[in-house]
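# Structure at a glance
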Amino acid sequence: EYVNRIAQEIRQREGRINMPYSLIGHSGGGQFLVRLAAFVQTDAQRIVAANPGTHTFATLSAEFPYGFGGLPAELQTDDVLQAYLAQPLTIYLGEKDITRDEYLDVKPAADAQGPFRLARGKNAFDTAKKLAAERNWPFHWQLVVAEGVEHDHEKMFNHPACTEALFGPTATH
């Protein structure tokens, strides 16, 4: 709700009511955007979650925030999962984000997603893609990997792959 209100306010201040926008966040900011995509419809062109420590998997078998399990019944429906998979979400990962630093969630539920951020992101993407294919649902996620980059926001945002993460594989911005 607040993200939509902020976007609307910026558009009004700029005098461009239909101005396109994308959202991008790294690490904890990426986690926030994954959760946002799971529950909030925006009109962002892309929602880019860069190197989040954990993901909300498109499954009822993992408890929230690692999945949709344990949430109120109205948030555990096929409609909610389908809307999540239809979001313009980019999972943007550093190829070398494979360390278990002091900021990484290492609870058993987090480790069930994978041992480190790169694996967790790939697993979240693969799980979502598989569910969409099984149910014949729209799937608008993309997976982009920044070669040679570890858990570093500056390197992620300055990497050429960031353009693809924000604008798609044929972007020339």
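Heads up: these notes are all about the structure in this document. (Residues numbered from 1 in each chain as written. Predicted model: local features only at pLDDT ≥ 70, side-chain atom pairs only at ≥ 80, totals over all residues. Heavy atoms only, no water.)

What follows concerns the packing of aromatic side chains. Within the structure shown, the criterion is met by six aromatic pairs. Considering the side-chain rings of F39 and F64, the 5.7 Å spacing of their centres and the 70° angle between planes classify their relative orientation as edge-to-face. Placement of the pair is F39 in helix α2 (residues 28–39) and F64 in the loop between β2 (47–50) and α3 (78–85), with a sequence separation of 25 residues. Here F39 falls in the partly exposed class, since its relative accessible area comes to 32%. You can call F64 partly exposed: its relative accessible area is 36%. Through a chain of ring-to-ring contacts, three or more aromatic side chains come together here, namely F39, F64, F68, Y84, F125, F139 and W141. (Phe/Tyr/Trp six-rings, centres within 6.5 Å; stacked < 30°, edge-to-face > 60°. Helix = DSSP H or I, 4+ residues; strand = E, 2+ residues; numbered from the N terminus. Buried < 20%, exposed > 50% of the residue type's maximum accessible area, 1.4 Å probe, protein only.)

The next thing to look at is the side chain of T59. Its location among the elements puts T59 in the loop between β2 and α3. Sequence-distant contacts of T59, that is, excluding residues within four places in its chain, are made with G67, F68, G69 and L81. (Contact = heavy atoms within 4.5 Å.)

Right, let's talk about the sheet that holds strand β3 (residues 89–94) for a bit. Spatially, β1-β2-β3-β4 is the arrangement adopted by the four strands of the open sheet, whose pairing is parallel. Two strands bound the open sheet, and with one partner strand each, they are β1 (23–26) and β4 (142–146). Geometrically, the sheet is characterised by an average inter-axis angle of 20° between neighbouring strands, direction not taken into account. Across four bridges, the pairing between β2 and β3 is parallel. Bridged to A50 within β3 is Y92. Against the sheet, helix α5 (residues 117–135) makes contact with β3 and β4, and its axis sits at roughly 155° relative to β3, the strand it touches most. (Pairing = 2+ DSSP bridges. Axes fitted to C-alpha atoms, helices over the stretch in contact; angles between N-to-C directions.)

Here we take up the pairing of β1. As defined by bridge partners, β1 adjoins β2 across four bridges and the pair is classed as parallel. The residue bridging H26 from the neighbouring strand is A50, located in β2. Since β1 and β2 lie parallel, the crossover through α2 that links them has a hand, and here it is right-handed. (Right-handed = clockwise from strand over helix to strand, strands pointing away.)

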